[in-house]
Amino acid sequence: MTQVLLFATVIGPFVTGLLEALKKTVAVPKNTLPLAAIVIGIALGAVAYPFTDMGLALRLWAGAGAGLSATGLFEVMKKRYGSTKDNSKDKDVFNNQ
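What counts and what doesn't
Residues numbered from 1 in each chain as written. Predicted model: local features only at pLDDT ≥ 70, side-chain atom pairs only at ≥ 80, totals over all residues. Heavy atoms only, no water. Helix = DSSP H or I, 4+ residues; strand = E, 2+ residues; numbered from the N terminus. Contact = heavy atoms within 4.5 Å. UniProt positions renumbered as here; feature names shortened; annotations may be inferred. Expected span 1.5 Å × (residues − 1). Bend = angle between axes of the 7 residues up to and from the residue. Buried < 20%, exposed > 50% of the residue type's maximum accessible area, 1.4 Å probe, protein only. Polar contact = N/O pair within 3.5 Å; in protein donor to acceptor, adjacent residues only side chain to side chain. Lys, Arg positive; Asp, Glu negative; His and termini not counted. Salt bridge = Lys/Arg side-chain N within 4 Å of Asp/Glu carboxyl O.

- For the protein chain, the name recorded in an unreviewed UniProt entry is Holin, with Salimicrobium jeotgali as its organism.

### Observations regarding the overall build of the protein chain
Next, step 1: Scanning the protein chain from terminus to terminus reveals 3 helices and 2 strands.
Next, step 2: Shown N-terminal to C-terminal, the secondary structure of the protein chain runs as helices and strands in the order α-α-α-β-β.
Next, step 3: Taking contacts inside the protein chain between residues at least 6 apart in sequence as the whole, the part at least 24 apart equals 54%.

### So, the UniProt feature "transmembrane region" (unreviewed entry) in the protein chain
Next, step 1: According to UniProt, the feature "transmembrane region" (unreviewed entry) maps to residues 6-22, 34-52 and 58-77 in the numbering used here.
Next, step 2: Secondary structure content for residues 6-22 is 100% helix and 0% strand, and the end C-alpha separation is 25 Å.

### Considering helix H1 (residues 2-25)
Next, step 1: For H1, spanning 24 residues, the distance from its first C-alpha to its last is 35 Å, which sits close to the expected 34 Å at 1.5 Å a residue.
Next, step 2: Residue Ile11 marks the point of greatest curvature in H1, where the axis turns by about 35°; the proline Pro13 follows within four residues.

### Brief notes about the environment of Gly72
Next, step 1: With respect to the helices and strands, Gly72 occurs in helix H3 (residues 56-77).
Next, step 2: Under the relative-accessibility criterion, Gly72 is labelled partly exposed at 30%.
Next, step 3: Once the C-alpha coordinates of Gly72 and Pro34 are considered, the two residues, 38 residues apart in sequence, prove to be 8.7 Å apart.

### Focus: the side chain of Thr52
Next, step 1: Looking at the secondary structure, you find Thr52 in the loop between helix H2 (33-47) and H3.
Next, step 2: A polar atom in the side chain of Thr52 sits 3.3 Å from the backbone nitrogen of Met54.

### Remarks on the side chain of Arg59
Next, step 1: Along the polypeptide, Arg59 turns up in helix H3.
Next, step 2: Within the buried core, Arg59 has no salt-bridge partner, and the shortest N-O distance to an opposite charge, that of Asp53, equals 8.4 Å.
Next, step 3: Residues contacting Arg59, with those up to four places away along its chain left out, are Phe7, Gly45, Ala46, Ala48, Tyr49, Thr52 and Met54.

Dropping the structure here:
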């Protein structure tokens, strides 16, 4: 389990970067971004075969965990006002927009 968590921690920033690149290049509905992050994480876990001696199933679990954590890290950086997910009320913590 320690290997899975460590591997998820290593590929997490790559998942976040690829998710941001996807958002900048393709119009993706916001409610499908967590699913896209999980798919990207699983794909990265699958192609990271040369970098680890873990089995495929463990790498896929680590990728899914990295995708979930990438989505969670992004949502933590957003400060939402109000009780709905109205995009006009979203505030970015760093840019104060």
